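Analysis of the macromolecular model
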Amino acid sequence: MSRWSGSQPGVVLTAYHPSTSSDAEGPAASHAKEGAETSPVSRRSGQYTMNHENSKKSPGKPPYNRSGSQDSLDELSMDDYWKELENIHETRGSNFEEQEVAVVKEPDEGELEEEWLKEAGLSNLFGDSAGDSQESMVVLATLTRTQAAAVQKRVDTVTQTMRKKNKQYQVPDVRDIFKQQNDSTEKETGSENQLERTRKSEDATQEEAKEAHGHCIGDNRLRENVPVSETDINLEISFSEQASLKDNSVCKESKQRDDDTLLPNFRLPKDKTGTTKIGDLAIQDMKKIHYLALIELTALFDILGTELKPQKAIKMKVKESGLFGVPLSVLLEQDQKRVPGIKIPLIFQKLIFHIEDGKLDTEGLLRIPGVATRVKSLCQELEAKFYEGTFNWETVKQHDAASLLKLFIRELPQPLLTVEYLKAFQDVQRLSTKKHQLQALNLLVLLLPEGNRDTLKALLEFLQRIIDHQDSNKMTLKNVAMVMAPNLFMCHGMGSKTTEKSEFVMAAGTANVMRFMIKYQKLLWTVPTFLVNQVRKQNTETQKKEKKDKAMKKLLKKMAPDREKHEKQDKNINDVKSINDADVPQGVIRVQAPHLSKVSMAIQLTEELKAGDVVARFLSQKSGTVQELKKEEVFLYEIGGNIGERCLDIDAYMKDLYQLNPNAEWVIKSKRC
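Residues numbered from 1 in each chain as written. Predicted model: local features only at pLDDT ≥ 70, side-chain atom pairs only at ≥ 80, totals over all residues. Heavy atoms only, no water.

Under an unreviewed UniProt entry, the name given to the protein is Rho GTPase-activating protein 18, and the organism recorded is Gekko japonicus.

Structure below.
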């Protein structure tokens, strides 16, 4: 976990605070007024706050008129949101004590950029290890123009700060760093010039953008009865490079009625080398994806004029056991002792299972709260009996279980979207187009820790299943988003107590972000092709350096007294390699399947051969000794060469993939292996 710091001076994180009117009237008065016209202040029962010590609300300030706010979300359409806040306050007031107050100190000059460089895997561009920056040079050699600019901006700030502070160690000039990168790239035989690669990418993007722009002419005034056309999401070219185009190729989105049916139908064009999903790549490659995703997200925010400032709350004393109010990492650790390999907390899974067991066509599911006193009692009983296996689930009503699920999410000491990136998720609403918002959310999901990402995925899939029953349960995408947004985004101390206007904008914005995450969840769990290709380039650059090191060692061995012995060993290795190469003819790959009855097979590459076809050939070879494996559990893997390991999409064309990675091995195995 990174150690980010926010930029707010003297920020004090506090727990949930009810508004004055809500305190005075109480829940009974609130229900008495249900259906009557109420002021925005009385409708909102409270909020989680991040108070600035010097900021004070002026007394007697008139409430903000929300009717003209963002995305035409008027007072009526936000009813579910404000009612959910009232329910949260009622449950919290009867269940839990206020959390401790924590202070987030203002970072020193340049500290934010230092932490960013560490999180991006570029810490040896400064500090004591600045002279040993070969690993960082490999990363820099693969960056796009916009990514390099984002890095350069942060390195420049750190460099200037360190010089001001008269640091003892050497601080390399930012121009020298990127000069080294360019010189290194130019010296590699057969490697393409970085600037030329960027220009080619830009040209390709511009051509696609112009074509898209041509289709956008005259479409600014969309009618409600006109179906929304599909919009392709280009995963082959850096999002920030696409955003940097000056011809405003993306259609300007007109303000429309905020209907679920009017959200764009974003589509992923088929990639011949196959789509890569989160979980398809090896751990070492996903680590590189994390670094690149942070650099790319920062570059995208820079281009779009939105500041990316990940935050950090000071460490607080938290529960080290139990179910509610326990850090997700601690909860998973204790669950994995009971069920090895589990990725989602047991209590979270059980609550979802119980809600679904009661059928998802119950009207108002998620929106109608459970009885607060009963939820409190169930929470205490679960804490005592869940792991003992003596808790009686038959007594739990469906609405109570839904309230417990929402309670679990918002009582996490660290929000499910993480302290570091919760504000970035909120700020997605500030980006200029829905396509940019989707791209940013895609990168943010890649930045989440694995446990948070897996739990979020399970939640979004569950919410979509509820929406699938909207004809009977009356819970549309917008309804579900309104109810879930305050539970996911208003975690302890992560809101901001400011003006009525900014509060409503945040409420409407987070509800829209929630809506995006539910609707486009399949796209969000996709690893963009351009990031995978950058990892391939990094691996190739690393292998080149390793070969040079091996060549040098080999030269030194030949100069040694036992030179003849080493020469014989090298000859034997080369002979074996020649035999293996001769065993596989040109245009043929050798596929291994150690867990199937047919353990090896030579496959002739054709233009139409797909990864799924290769798996089907192996599965057709039946035998009594074959391990029982379901077709949907068996996949072809690309291993080695310029990638660590990658589980292949069944629609990946093998010939194209072979040309991309000719030195890979091809292995069929189950994801359980």
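Alright, that's what it looks like, and here's the rest.
What follows concerns the overall build of the protein. What the protein contains, in helices and strands, is 25 helices and 12 strands. Each of the 673 residues in the protein was classed as buried or not, and the buried ones make up 48%. Total accessible area on the protein is roughly 34100 Å²; 49% of this is exposed by carbon and sulfur atoms. (Helix = DSSP H or I, 4+ residues; strand = E, 2+ residues; numbered from the N terminus. Buried < 20%, exposed > 50% of the residue type's maximum accessible area, 1.4 Å probe, protein only. Areas by Shrake-Rupley, 256 points an atom, 1.4 Å probe, with all protein chains shown as cover.)

With that settled, consider the pairing of strand S12 (residues 665–670). S12 sits mainly inside the fold: 5 of its 6 residues count as buried. Note that strand S8 (residues 588–592) and S12 share 2 bridges and pair parallel. Paired with valine 591 across the strands is tryptophan 666, a residue of S12. Sheet analysis places strand S10 (residues 634–640) next to S12, joined by 6 bridges and oriented antiparallel. The residue of S12 that forms the bridge with isoleucine 639 is glutamate 665. (Pairing = 2+ DSSP bridges.)

Ranked by internal contacts, the top residues of the largest apolar core, which has 124 residues, are Val151, Leu463, Leu488, Phe489, Met514 and Met517. In terms of residues, this core owes the most to one element, helix H20 (residues 500–519), which gives 10 residues. Counting 21 residues, the second largest nonpolar core, distinct from the first, contains Ala593, Met601, Val634 and Ala664. (Core = buried A, V, L, I, M, F, W, Y, C linked by side-chain atoms within 4.5 Å.)

The next subject is the environment of leucine 122. Assignment of secondary structure puts leucine 122 in the loop between helix H4 (111–119) and helix H5 (134–141). C-alpha separation for the pair leucine 122 and valine 151, spaced 29 residues apart in sequence, amounts to 8.9 Å. If we ignore the near neighbours within four places in the chain, the residues touching leucine 122 are Leu117, Ser136, Val139, Val151 and Ile295. (Contact = heavy atoms within 4.5 Å.)

Attention now moves to unusual backbone geometry. Most peptide bonds adopt trans geometry, and most residues besides glycine take a negative phi value. With a phi close to 75 degrees, lysine 359 is a non-glycine residue in the positive phi region. For threonine 418, which is not a glycine, the phi torsion comes out positive at approximately 75 degrees. Topologically, threonine 418 is positioned in the loop between helix H14 (398–410) and helix H15 (419–427). The exposure class assigned to threonine 418 is buried, which follows from its relative accessible area of 4%.

Right, let's get into the pairing of S8. Two strands pair when backbone bridges link them, and S8 and strand S9 (residues 600–604) are joined in this way by 5 bridges, in the antiparallel orientation. Among the inter-strand pairings, glutamine 592 is bridged to a residue of S9, identified as serine 600.

Quick look at the packing of helix H12 (residues 346–357) against helix H17 (residues 450–467) now. For any two helices packed against each other, one specifies the crossing angle of their axes together with the interaxial distance. Put simply, H12 and H17 touch, their axes get as near as 11 Å, and they point 5 degrees apart. Between H12 and H17, the crossing angle belongs to the class labelled roughly parallel. Contact residues: Phe348, Ile352, Ile355 and Glu356 in H12; Thr455, Ala458, Leu459, Phe462 and Arg465 in H17. The residue inventory of the contact of H12 with H17, partitioned by class, reads 6 nonpolar, 1 polar and 2 charged. (Axes fitted to C-alpha atoms, helices over the stretch in contact; angles between N-to-C directions. Parallel < 35°, antiparallel > 145°, perpendicular 65-115°, else oblique. Nonpolar A, V, L, I, M, F, W, Y, C, P; charged D, E, K, R; others polar.)

On to the confidence of the model for the protein, then. Per-residue confidence for the protein gives a mean pLDDT of 75; residues scoring 70 or more make up 62%. Across residues 493–497 the pLDDT falls below 50, and counting only partners more than four positions away or on other chains, this stretch makes 21 contacts in the model. Contacts of residues 576–581 to residues separated by more than four positions or lying in other chains number 0 contacts, the stretch itself having pLDDT below 50. (pLDDT = per-residue confidence, 0-100.)

Strand order in this open sheet of 5 strands is S9-S8-S12-S10-S11, and the pairing throughout is mixed. Looking at the sheet topology across the chains shown, the edges are occupied by S9 and strand S11 (643–647). Recorded for the sheet is a direction-independent mean angle of 25 degrees between the axes of neighbouring strands. Packing of helix H24 (residues 611–619) onto the sheet brings it into contact with S8, S9, S10 and S12, and relative to S10 it is tilted by some 115 degrees.

Our next topic: the packing of aromatic side chains. Considering all chains together, one arrives at 8 aromatic pairs under this definition. Seen in terms of ring centroids, phenylalanine 386 and tryptophan 393 are 6.5 Å apart; in terms of plane orientation they differ by 85 degrees. Their pairing is edge-to-face. Here tryptophan 393 falls in the buried class, since its relative accessible area comes to 13%. Taking the centre distance of 4.9 Å and the plane angle of 75 degrees together, the rings of phenylalanine 391 and tryptophan 393 count as edge-to-face. The class for phenylalanine 391 is buried, based on a relative accessible area of 8%. Put simply, the rings of Phe386, Tyr387, Phe391 and Trp393 touch in pairs and so form one group of aromatic residues. It is lysine 669 that lies over the ring of tyrosine 637; its NZ or CZ is 4.7 Å from the centre. (Phe/Tyr/Trp six-rings, centres within 6.5 Å; stacked < 30°, edge-to-face > 60°. Lys NZ or Arg CZ within 6 Å of the ring centre and 35° of its normal.)

On to the packing of helix H10 (residues 283–303) against helix H16 (residues 434–447), then. At a closest axis distance of 9 Å, the pairing of H10 and H16 adopts a crossing angle of 150 degrees. Here H16 runs roughly antiparallel to H10, going by the angle between their axes. Crossing of H10 over H16 shows left-handed handedness. Where H10 approaches H16, its residues Ile289, His290, Ala293, Leu294, Glu296, Leu297, Leu300 and Phe301 are matched on the opposing element by His436, Gln439, Ala440, Leu443, Leu444, Leu446 and Leu447. Taken together, the residues of the contact of H10 with H16 sort by class into 11 nonpolar, 3 polar and 1 charged. (Left-handed = near helix turned anticlockwise from the far one by under 90°.)

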